[in-house]
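Commentary on secondary and tertiary structure
The chain contents come next:
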Amino acid sequence: MASRRYSILVPLAAVGLALIMTDAMIVRIRRGETKAALGDEAYLATHGDLNPPRPVDTPPGPARTSQPSG
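Reading the values: the criteria
- Throughout this document, residue positions are counted from 1 along each chain, in the order its sequence is written.
- The model is predicted, so local features are restricted to residues of pLDDT at least 70 and side-chain atom pairs to those at 80 or more, both for listing and for counting; the totals for chains, interfaces and linings are taken over all residues.
- As a rule here, side-chain values come from all non-hydrogen atoms in the structure, and water together with hydrogens is ignored.
- Secondary structure elements are taken from DSSP: a helix is a run of H or I of four residues or more, a strand is a run of E of two residues or more, and numbering for both begins at the N terminus.
- Each residue gets one of three labels from its accessible area relative to the maximum for its type: buried under 20%, exposed over 50%, partly exposed in between, using a 1.4 Å probe on protein chains only.
- Using the Shrake-Rupley algorithm and a 1.4 Å probe, accessible areas are obtained, with residue cover drawn only from the displayed protein chains.
- Here a residue-residue contact requires only that any non-hydrogen atoms of the pair lie within 4.5 Å.

1. A word on the overall build of the protein
The helix and strand tally for the protein stands at 2 helices and 0 strands. Going through the 70 residues of the protein one by one, you find that 6% of them count as buried. For the protein, the exposed area adds up to about 6,300 Å²; of that, 62% sits on carbon and sulfur atoms.

Right, dumping it as structure tokens:
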């Protein structure tokens, strides 16, 4: 039961972090801190989409359709 709850909260936390990083980028650009804004943009670009969301009931990893007999 708890694992289902956490599997929903993790993507929501990731979206929240992406929004915070985007807002930080906007504030730094307005302040004229372009080097810091580029750092925020690089972090967001590299960590923003490493693990795309998947349905709750889907196990991670490749699906195994059959086991070899032997």
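Picking up after the structure, the text goes on.
2. Thoughts on the side chain of D40
With respect to the helices, strands and loops of the structure, D40 is situated in helix 2 (residues 34–47). Ignoring any residue separated from it by four or fewer positions in sequence, one finds D40 in contact with M21, A24, M25 and R28.

3. Brief notes about the environment of A37
Along the chain, A37 falls in helix 2. Classification of A37 by relative accessible area gives buried; the value is 5%. Taking the C-alpha atoms as reference points, A37 and A24, separated by 13 residues in sequence, lie 7.6 Å from one another. When sequence neighbours within four positions are dropped, the list of residues in contact with A37 reads M25, R28 and I29.

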